[in-house]
Amino acid sequence: MAGNDWINSYLEAILDVDAGINDQKSSLLLRERGRFSPAQYFVEEVITGFDETDLHRSWVRASAIRNSEERNTRLENMCWRIWNLARKKKRIEGEEAQRNTKMHIERERARREATADMSEDLSEGEKGDTVGDLARVDSLRGRMRRVSSVDMMPNWASQNEEKKLYLVLISLHGLIRGENMELGRDSDTGGQVKYVVELARALGAMPGVYRVDLLTRQISAPDVDFTYSEPIEMIDPPNSDNPMNEIGESGGAYIIRIPFGPKDKYISKELLWPHIPEFVDGALSHIVQISKVLGKQIGSRDPLWPVAIHGHYADAGNSAALLSGALNVPMIFTGHSLGQDKLEQLLTQRRQSREEINATYKIMRRIEAEEISLDVSEVIITSTRQEIEEQWRLYDGFDPVLERKLRAQIKRNVSCYGRSMPRMVVIPPGMEFHHIIPHGDMDGEVGNEDSSETPDPSIWSEIMRFFSNPRKPMILALARPDPKKNLITLVKAFGECRQLRELANLTLIMGNRDAIDEMSTTNSSVLLSILKLIDKYDLYGLVAYPKHHKQSDVPEIYRLAAKTKGVFINPAFIEPFGLTLIEAAAYGLPIVATTNGGPVDIHRVLDNGVLVDPHNQQSIADALLKLVSDKQLWARCREHGLNNIHLFSWPEHCKAYLARVTSCKQRQPKWRRNNDIHTESESDAPGESLRDIHDLNLNLNISFDGEINEGIGSSNNASTCRENATDGKNQVNGTALTLSLDESMDKAESSKFSESRNEAIYVIAVDCDSTADILDITKTIIEAGRIDRNADSVSFILSTASTLSEINSLLNKGGLKPSDFLAFICNSGGEIYYPSPDSRENSSGSPYIVDSDYHSHMEYRWGKESLRNMLVRWATSINDKMEGKDGPVLSEDNSGSSHCYSFKVKNPALLPPFKELRRLMRIQALRCHAAYCQNGTRMNVIPILASRAQALRYLYVRWGINLSNVVVFVGECGDTDYEELLGGMHKTVILKEVCRDASKLHANRSYPLEHVLPTDHPYTVECERCNKGDIRASLGKLGFNKA
């Protein structure tokens, strides 16, 4: 355990003062405990199981004190700390045990309820179908045909040359560039950075792929290189001599850097969460514009939309989910490392409580982002089966048993009753091997060969200067000085094995450093421990630990190790995949690797080394000694690795990747139709490329006494609209809501979304439980917004949890007309309506136009009647628990619709926390977006891709509204979807003292609201009072009105 090599000296120090325990001056603690043994207590209660870095630092300071009395006092105080820490651990352990038991019971109950609707038994063949298709990797070597990069490309090219695929990859944190990657510079710039860049490079070179965009953060900080501030960077193809894939005008692979977050500051991934909406809006703008450009380049009338959006890590997964919903395209996700797994490891240490861990790592927000990724993703790509079986199964949104059942239902073409789960597939990361030439016979002097005039790489001399005998085989480890990498155990194993020291040298490539004092506390602690071990075992001349190396030096380091007939070792406690093992094998190095995680799968395929228990120091030493001493075994492992390494090539990876991506059910924006006669303007200015709103051809004539008339249309889309109308029947209360087609709406005099009439768009998204309050606020904002602007240069959108019927009653009560608004976002984002351009009212009442394309846009994974039944059962169970407390807590709201199931809440105080409902739906594999609304008096459940914030992005994609000209008015708090309305490219006005009582809805969250709310956002202002003067002043601060 890192940092614990000081234990012996610590125990010796305690034993040194043990004789004074019976002295009259002994502390109260020791006197009360009689024959108390601090050494035994320390070992039994504290050391076992985890690292005590803080105690280590305290001991270092105490050991430097020469005064024995003060030194002894410090040690006694440390005994108190040990006692308190041990007690705290036991408390945390008990709390987690209770929590895990409760979660297990709830999950088993939910699974039984979910499978009750799918009662058909699995066939024998289906019972053997394990999670993920690649369980067959057990015999992968014997059954996979060897296909090199050159062999497979002609066949793949002939099958896919006609395709024009556009792929979007997202990786937000760390420092990303195409060349000279600064891997190991910090904890955010590691293997994931290399993986995503190489994946983009390899995909960009695949036949059928027209363009790949890797979206990341633009960083202009003074402490990082200027290249990270470049908005676009083309990634060089892996083999520029390959003519098979002709790159178009804008084709190839690119790094696109989107500005978001604090300007001129490089921040860690834990601090990026409040700025995700800003990235999503910026990325959405880029994708929309480049899709139009690519569509023109390939000769299509329509944009070339992404075939998939692929998020890497939790923050990018959350972003990809929002982009997927806004664009209606499939989402792919790769977790790399998972928050639940990290939380479990930290809790196992029992050093920090869940709350303390969350405060440090924002871990619950990360886990929620991963749950959202499960909700939206069609495919989850993992590197190993271990990740599926031991890590993803920790999440509410994934259950291997239920996933297998759902897959069986799909194969049988049997209904899944609204339930869905992403497909888990194992696709190991790849490498490009065309430039790698493994050495032949390694015998001879390490250095420049006589037949070559090329000088040895400089990194060779930088390493060999450490060794007294550089000709000995080199044991190579390449990892950050992180406790989980287990380098301290490796050094101990090497130092305590005399035969190993005599036969081999040890090289530790531990990232880059200038001064140990400038490293993080954890990393510096590990490095100092290693240096002390080198001194303890007198390993000078046997261990190399260079301070610096470039990314381009890494291949040369592998070559040097292979030239000396060395071994590569990865002794990590757990390794999610182990890309360095593949890299080492490609250069002819046998491997020693941990038995925990991805190396098991890699070794099963390559068969080029030994797996060891990372906790067993002796087994590590034995494995290394076996490989460096047995030359025949070494040669056999080397040969196996080189013969099988092609299975991990990038072309192989991309073939499997593209097969999965293209097999997804393709979804694209629904409003583009082949019979559109609309032609876009050459200009990309917002509004100039918009279709006429009346091309919706769908007029909803509502009579607000509950009756709605149905007409018959003759347009080409009539059948589609009629299907939407059928789906639009209100299943909640049995009242039929049908839509009427109106042929008279073919043309319109002008679009309400034209640029001339939308210089500013004010979105009223204030959440109040009182109709009078929302009406007063709405009228005040409208009046304030029109004072300094022409009526035609400002428009308003009402965004609310209310139904259209309630909105209509509100407008009538306040003397407002539907035509005063540009659009209505109803039911918490479940529906979008527009006012009819025809101001004449018919006998049915006020006419509105429903955006039926938005319905189809949001249809993805909507559980419909099965979801409603589950909600009814849940509401019934809540009411049964609260029986006798003045009536039912929850009751169905008759005003619901086909895309919003609504429930009235009689007593919000008795309503379970919002996170419990969300968790229940995920366990049941029902994907939806729930919100507690109107100060807790209503609950709306809408499709997973729908929300008020997403409705705004939909309007941007469809109509081209300029988000920078949008101002969203919100209260000081609001519904449980409140956080989604803040941040982004739009402007925000927060009305102080408005909706403050709604804060109780956010009291029992899985993560604090402040973890996701942007502070000091340049596009956000606070309005002290909700009156016309203060609102005008706030708009003036945002540059919209004269203050």
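Residues numbered from 1 in each chain as written. Predicted model: local features only at pLDDT ≥ 70, side-chain atom pairs only at ≥ 80, totals over all residues. Heavy atoms only, no water.

Asks: I tried to follow the overall build of the protein on my own but got confused; where do I start?
Replies: Within the protein, the secondary structure is distributed over 34 helices and 27 strands. Every one of the 1043 residues in the protein was classed for burial, and the buried ones make up 59%. (Helix = DSSP H or I, 4+ residues; strand = E, 2+ residues; numbered from the N terminus. Buried < 20%, exposed > 50% of the residue type's maximum accessible area, 1.4 Å probe, protein only.)

Asks: Can you walk me through the sheet that holds strand E11 (residues 543–544) in this structure?
Replies: The pairing of strands in a sheet comes from backbone hydrogen bonds and takes either a parallel or an antiparallel form. Pairing is parallel in the open sheet, where six strands are placed in the order E11-E10-E9-E12-E13-E14. Pairing within the sheet leaves two strands with one partner each, and these edge strands are E11 and strand E14 (609–612). Taken together, the four bridges between strand E13 (residues 591–594) and E14 define a ladder with parallel strand orientation. Paired with Val592 across the two strands is Val610, which belongs to E14. (Pairing = 2+ DSSP bridges.)

Asks: What should I look at first to understand the side chain of Thr778 in this one?
Replies: With respect to the helices and strands, Thr778 occurs in helix H28 (residues 771–787). Overall, the relative accessible area of 2% leaves Thr778 in the buried class. With near-sequence residues (within four places) excluded, Thr778 lies in contact with Ile764, Leu798, Leu816 and Phe821. (Contact = heavy atoms within 4.5 Å.)

Asks: Teacher, can you tell me more about the nonpolar core here?
Replies: Buried together is how nonpolar side chains tend to be arranged in soluble globular proteins. Membership of the largest hydrophobic core comes to 98 residues, with the highest contact counts inside it found for Ile170, Phe279, Ile309, Leu327, Trp392 and Leu955. For this core, the element with the highest residue contribution is helix H10 (residues 276–297), accounting for nine residues. Not counting residues within four places of it along the chain, the set of residues in contact with Ile309 comprises Val168, Ile170, Ile287, Ala320, Leu323, Ser324, Leu327, Val329, Pro330, Met331 and Ile332. (Core = buried A, V, L, I, M, F, W, Y, C linked by side-chain atoms within 4.5 Å.)

Asks: What is the right way to look at the packing of aromatic side chains in this model?
Replies: For any pair of aromatic rings, the description consists of the separation of the ring centres together with the inter-plane angle of the planes. One pass over the full model with this rule turns up 16 aromatic pairs. Both rings, one in Tyr762 and one in Phe1040, keep their centres 6.1 Å apart while their planes meet at 65°; by these two values the pair is edge-to-face. Of this pair, Tyr762 sits in strand E16 (residues 760–764) while Phe1040 sits in the segment after helix H34 (1028–1037), and the two are 278 residues apart along the sequence. Taken individually, Tyr762 and Phe1040 each receive the classification buried, so the pair is uniform in this respect. Look at Tyr834 and Trp959: their rings are 6.2 Å apart centre to centre, the planes differ by 85°, and that puts the pair in the edge-to-face class. Taken together, the residues Tyr834 in strand E19 (residues 831–835) and Trp959 in helix H33 (residues 948–959) connect sequence positions 125 residues apart. Among the residues examined, Trp959 registers a relative accessible area of 1% and is labelled buried. (Phe/Tyr/Trp six-rings, centres within 6.5 Å; stacked < 30°, edge-to-face > 60°.)

Asks: What is the right way to look at the confidence of the model for the protein in this model?
Replies: Of all residues in the protein, 75% have pLDDT values of 70 or greater, and the mean over the chain is 79. Contacts from residues 43–53, a stretch scored under 50 in pLDDT, to residues over four places away or in other chains number 34 contacts. Taken as a whole, residues 672–750 scores under 50 in pLDDT and shows 158 contacts with residues more than four places along the chain or in a different chain. (pLDDT = per-residue confidence, 0-100.)

Asks: What exactly am I supposed to notice about a positive patch on the surface here?
Replies: Positive charge collects at one region of the surface, where Lys102, Arg109, Arg112 and Lys881 lie side by side. Broken down by element, the positive patch gets its largest block of residues, three residues, from helix H5 (residues 68–116). In this fold, Arg112 is placed in helix H5. (Patch = residues over 30% accessible without salt bridge, like charges linked within 9 Å, V, L, I, M, F, W, Y side chains within 5 Å. Areas by Shrake-Rupley, 256 points an atom, 1.4 Å probe, with all protein chains shown as cover. Salt bridge = Lys/Arg side-chain N within 4 Å of Asp/Glu carboxyl O. Lys, Arg positive; Asp, Glu negative; His and termini not counted. Charge placed at Lys NZ, Arg CZ, Asp CG, Glu CD.)

Asks: Looking at this model, I keep getting lost on the packing of helix H11 (residues 313–327) against H33. Mind explaining?
Replies: Think of two packed helices as two axes; the pair is described by the angle between the axes and how far apart they sit. Between H11 and H33, whose axes approach to 8 Å, the crossing angle comes to 50°. Accordingly, the angle class assigned to the pair H11 and H33 is oblique. H33 is crossed by H11, and the crossing has right-handed handedness. Residues Leu322, Gly325, Ala326 and Leu327 of H11 form the contact with H33, whose participating residues are Gln950, Arg953 and Val957. Tallied by class, the residues present in the contact of H11 with H33 amount to four nonpolar, two polar and one charged. (Axes fitted to C-alpha atoms, helices over the stretch in contact; angles between N-to-C directions. Parallel < 35°, antiparallel > 145°, perpendicular 65-115°, else oblique. Left-handed = near helix turned anticlockwise from the far one by under 90°. Nonpolar A, V, L, I, M, F, W, Y, C, P; charged D, E, K, R; others polar.)

Asks: I'm lost on the pattern of salt bridges in this one. Help?
Replies: Oppositely charged side chains may form a pair once their charged atoms are brought near each other. Enumeration according to the criterion identifies 47 salt bridges in this entry. The residue Arg366 makes a salt bridge to Glu370 at a minimum N-O spacing of 3.6 Å. A residue pair is termed a helical-turn pair when its members lie 3 or 4 positions apart in one helix, as Arg366 and Glu370 do in helix H14 (residues 363–376) at four residues. Considered together, Arg366 and Glu370 belong to a single accessibility category, that of buried residues. A salt bridge links Glu556 to Arg559, with the nearest nitrogen and oxygen atoms 2.3 Å apart. With Glu556 and Arg559 both in helix H21 (residues 554–563) and three residues apart, this pair spans about one turn of that helix. What emerges from the salt-bridge pattern is a single network uniting Arg177, Glu182, Arg185, Asp186 and Asp225.

Asks: Help me understand a negative patch on the surface in this model?
Replies: A surface patch of like charges, here negative, comprises Asp769, Asp773, Asp776 and Asp997. Looking at where Asp776 falls in the secondary structure, it is placed in helix H28.

Asks: Looking at this structure, I do not really get helix H20 (residues 521–536). What am I missing?
Replies: Think of an α-helix as turning once every 3.6 residues; residues three or four places apart then point the same way. The end-to-end C-alpha distance of H20 is 22 Å, a good match for the 22 Å that 16 residues give at a rise of 1.5 Å each. Regarding H20, the residues found buried are Asn523, Ser524, Ser525, Val526, Leu527, Ser529, Ile530, Leu533 and Ile534. (Expected span 1.5 Å × (residues − 1).)

Asks: What should I look at first to understand the pairing of strand E10 (residues 505–509) in this one?
Replies: By the criterion of burial, E10 is predominantly enclosed, with five of the five residues buried. Of the two faces of E10, the one holding Asn505, Thr507 and Ile509 and the one holding Leu506 and Leu508 are both buried throughout. Pairing geometry for E10 and E11, over two bridges, is parallel. The partner of Thr507 across the bridge, within E11, is Ala544. A crossover connection joins E10 to the parallel E11 through H20; in handedness this β-α-β unit is right-handed. (Right-handed = clockwise from strand over helix to strand, strands pointing away.)

Asks: Where do I start with H14 in this structure?
Replies: Taking 1.5 Å per residue, 14 residues should reach 20 Å; H14 reaches 20 Å between its end C-alpha atoms and fits that length. Most of H14 sits out of view: 13 of its 14 residues are buried.

Asks: Got a minute to help me understand the environment of Asp613 in this structure?
Replies: Along the polypeptide, Asp613 turns up in the loop between E14 and helix H24 (617–629). C-alpha of Asp613 to C-alpha of Asn596: the two residues are 17 residues apart in sequence and 7.8 Å apart in space. Not counting the four nearest positions on each side in its chain, Asp613 is found in contact with Thr595, Ser619 and Ile620. In terms of polar contacts, Asp613 uses its side chain to reach the backbone amide nitrogen of His615, at 3.0 Å. (Polar contact = N/O pair within 3.5 Å; in protein donor to acceptor, adjacent residues only side chain to side chain.)

Asks: I keep staring at the sheet that holds strand E23 (residues 928–933) and nothing clicks. Help me out?
Replies: In spatial order, the strands read E21-E22-E24-E23; together these four strands make up an open sheet with antiparallel pairing. Unpaired on one side and paired on the other, strand E21 (890–892) and E23 mark the two borders of the sheet. For this sheet, the mean angle separating the axes of adjacent strands, direction not counted, is 25°. Bridge count between E21 and strand E22 (residues 901–905): three bridges; the pairing is antiparallel.

Asks: Quick question: what am I supposed to make of unusual backbone geometry here?
Replies: Of note in this structure, His336 is not a glycine but carries a positive phi near 65°. For His336, the position within the fold is in the loop between strand E6 (331–334) and helix H12 (339–349). Residue Asp538 is not a glycine yet carries a positive backbone phi of 55°. Looking at the secondary structure, you find Asp538 in the loop between H20 and E11. On the basis of relative accessible area, Asp538 is assigned to the exposed category, the value being 55%.

Asks: What exactly am I supposed to notice about the side chain of Lys362 here?
Replies: Along the polypeptide, Lys362 turns up in the loop between helix H13 (354–361) and H14. At 3.3 Å, the side chain of Lys362 and the backbone oxygen of Ala359 are in polar contact. Discounting residues that sit within four places of it in the chain, Lys362 has contacts with Glu270, Trp273, Ile357 and His1011.

Asks: In this structure, what is going on with the packing of H28 against helix H29 (residues 804–814)? I would like to understand it.
Replies: Where H28 contacts H29, the two axes come as close as 10 Å, and the packing angle between them is 65°. Between H28 and H29, the interaxial angle falls into the category roughly perpendicular. For H28 against H29, the interelement crossing comes out right-handed. Along its contact with H28, which presents Thr771, Ile774, Leu775 and Lys779, the element H29 presents Leu810, Lys813 and Gly814. Across the contact of H28 with H29, the residue classes break down as three nonpolar, two polar and two charged.

Asks: Where do I start with the environment of Ser836 in this structure?
Replies: Here Ser836 shows up in the loop between E19 and strand E20 (847–850). For Ser836, a relative accessible area of 12% puts it in the buried group. Separated by 17 residues in the primary sequence, Ser836 and Ser819 have C-alpha atoms spaced 7.5 Å apart. Contact partners of Ser836, with chain neighbours within four places excluded, come to Pro847, Tyr848 and Ile849.

Asks: Quick question: what am I supposed to make of the pairing of strand E18 (residues 823–826) here?
Replies: For a regular strand, the rule is simple: side chains alternate between the two faces of the sheet. Side-chain alternation along E18 places Ala823 and Ile825 on one buried face and Phe824 and Cys826 on a second face that is also buried. Examined bridge by bridge, strand E17 (residues 794–799) and E18 share three bridges and lie parallel to one another. Of the residues in E18, the one forming a bridge with Ser799 is Ile825. Remark: the E17/H29/E18 crossover connection has right-handed handedness. Of the pairings in the sheet, the one linking E18 to E19 comprises three bridges and is antiparallel in character. By the bridge assignment, Phe824 is partnered in E19 with Tyr833. Counted between consecutive antiparallel strands, the loop separating E18 from E19 contains four residues, among which Asn827 sits at a positive phi close to 50°.

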